Amino acid sequence: MLDDRKEKILKAIIANYLETGEPVGSRTISKFTDLNLSSATIRNEMADLEEMGYLVQPHTSAGRIPTDKGYRFYVDSMNVERSAEEETRGALLERVDKLESLLKQVAKVLAYNTQYATMVTTPQLRNRQVKFIQLSQVDDNDLVAVIVVGDNVAKNRLIHVERALSNEEVLKLNLLLNTFLTGASLNEINLELMQAMRRQAGEYADILENVFEGIVDAVHQAEEMQIYTSGTSNILRYGELGDVQKATALLETLEDKSGLESLIDESMKSGEQGKDGIQIYIGEEAPVQNMKDYSIVTSTYELPEGAKGTIGIIGPKRMDYKKVVQTLKDLTDELDSIFRKNEKKE
């Protein structure tokens, strides 16, 4: 049996590890719990939990990660923690909602201030590699796979098995998965790699199939992106853009957003090499066919965890480039400041 202090520390370690996929150290837990304990005291408790089989230290200088026994304790006590889990989920949803509201507001303010059309994307992770995978037993016929991709985007998947697996068998599968898949991108997880793993897995091949599906889901989750637009009617203010057919084609592109992906990808790639992340496309330089009669100025903003998004302004070729570029630079700096402040609060 665990005393109250060890129980709280163990739950804090598991919760933090599920969110980040990184070994958890005593300093992190000293900020995570309400115990008001020193890092030294928490290190002693973590050592006890490791000796009891709830935690393991993957490397000498690293923090701890939960073992199957630790996950079992966590799962068995989930009903007790339900209200806390709902509160955590609500906070995450609130954060997402705030980000979406902020980006929509950015698009509207830009359109009002510049009198051009604007677009803002939600942040994307550029790193889509598998970072870590861990299988753990939930009960005799179920495993949970924790799959971490990109910059700590975690995906949990419940896998049903026909018979109970021993700790040694689960360890073997974990070693196999991480040996083959750690550092691999979605494009590299191909049929040839899957067949090689199936040969190595033998009777456990069906379990690997389910893990593969979870990996694909996690990587696609990291790729999901929304595009918010505003000020599309501003295009009609400029006489040289009065060609109804061309204006209609542009408005349709901005409204249904189906053709903007190529612009965003090009802007991201160019922005990583350009000064201040500002890119200017004039006329035929535009990577979108329906925008080749216009000018586009884009900028890149970045979240603290590394995800990047694009802000774009679309107007006539005679747009006030100096004002637009300065506006984008100021806005990008302001967004970076907001995100840093939110990170410190969290």
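Relevant structure appears above.
One structure accompanies this document, and this report is about it. This is a predicted model, so every value here is computed, not measured.

Another point: the packing of helix H6 (residues 167-181) against helix H7 (residues 191-201). At their nearest, the axes of H6 and H7 sit 11 Å apart, and the two run at 155° to each other. In terms of orientation, H6 and H7 fall into the roughly antiparallel class. Like other packed secondary-structure pairs, H6 and H7 cross with a definite hand, here right-handed. Within the contact between the two elements, H6 uses Leu 176, Leu 177, Phe 180 and Leu 181 and H7 uses Leu 193, Ala 196, Met 197, Gln 200 and Ala 201.

Another aspect to go through is the nonpolar core. By size, the foremost hydrophobic cluster in this structure holds 26 residues, and its most contacted members are Leu 135, Leu 177, Leu 181, Ile 207 and Leu 208. Every element with two or more residues in this core is listed here: strand S4 (130-139), strand S5 (142-149), H6, H7 and helix H8 (205-223). Broken down by element, the residue count for this core peaks at five residues, all from H6. Apart from the residues within four sequence positions on either side, Leu 208 is in contact with Leu 173, Leu 176, Leu 177, Met 197 and Ala 201. The next biggest cluster of nonpolar side chains, apart from the first, holds 22 residues, and it includes Leu 103, Val 297, Val 324 and Phe 339.

A word on unusual backbone geometry. Even without being a glycine, Gln 115 presents a positive backbone phi close to 65°. As for its placement among the helices and strands, Gln 115 is situated in the loop between helix H5 (82-114) and strand S3 (117-121). The class for Gln 115 is partly exposed, based on a relative accessible area of 24%.

What counts, and at which threshold
Residues numbered from 1 in each chain as written. Predicted model: local features only at pLDDT ≥ 70, side-chain atom pairs only at ≥ 80, totals over all residues. Heavy atoms only, no water. Axes fitted to C-alpha atoms, helices over the stretch in contact; angles between N-to-C directions. Helix = DSSP H or I, 4+ residues; strand = E, 2+ residues; numbered from the N terminus. Parallel < 35°, antiparallel > 145°, perpendicular 65-115°, else oblique. Left-handed = near helix turned anticlockwise from the far one by under 90°. Contact = heavy atoms within 4.5 Å. Core = buried A, V, L, I, M, F, W, Y, C linked by side-chain atoms within 4.5 Å. Buried < 20%, exposed > 50% of the residue type's maximum accessible area, 1.4 Å probe, protein only.

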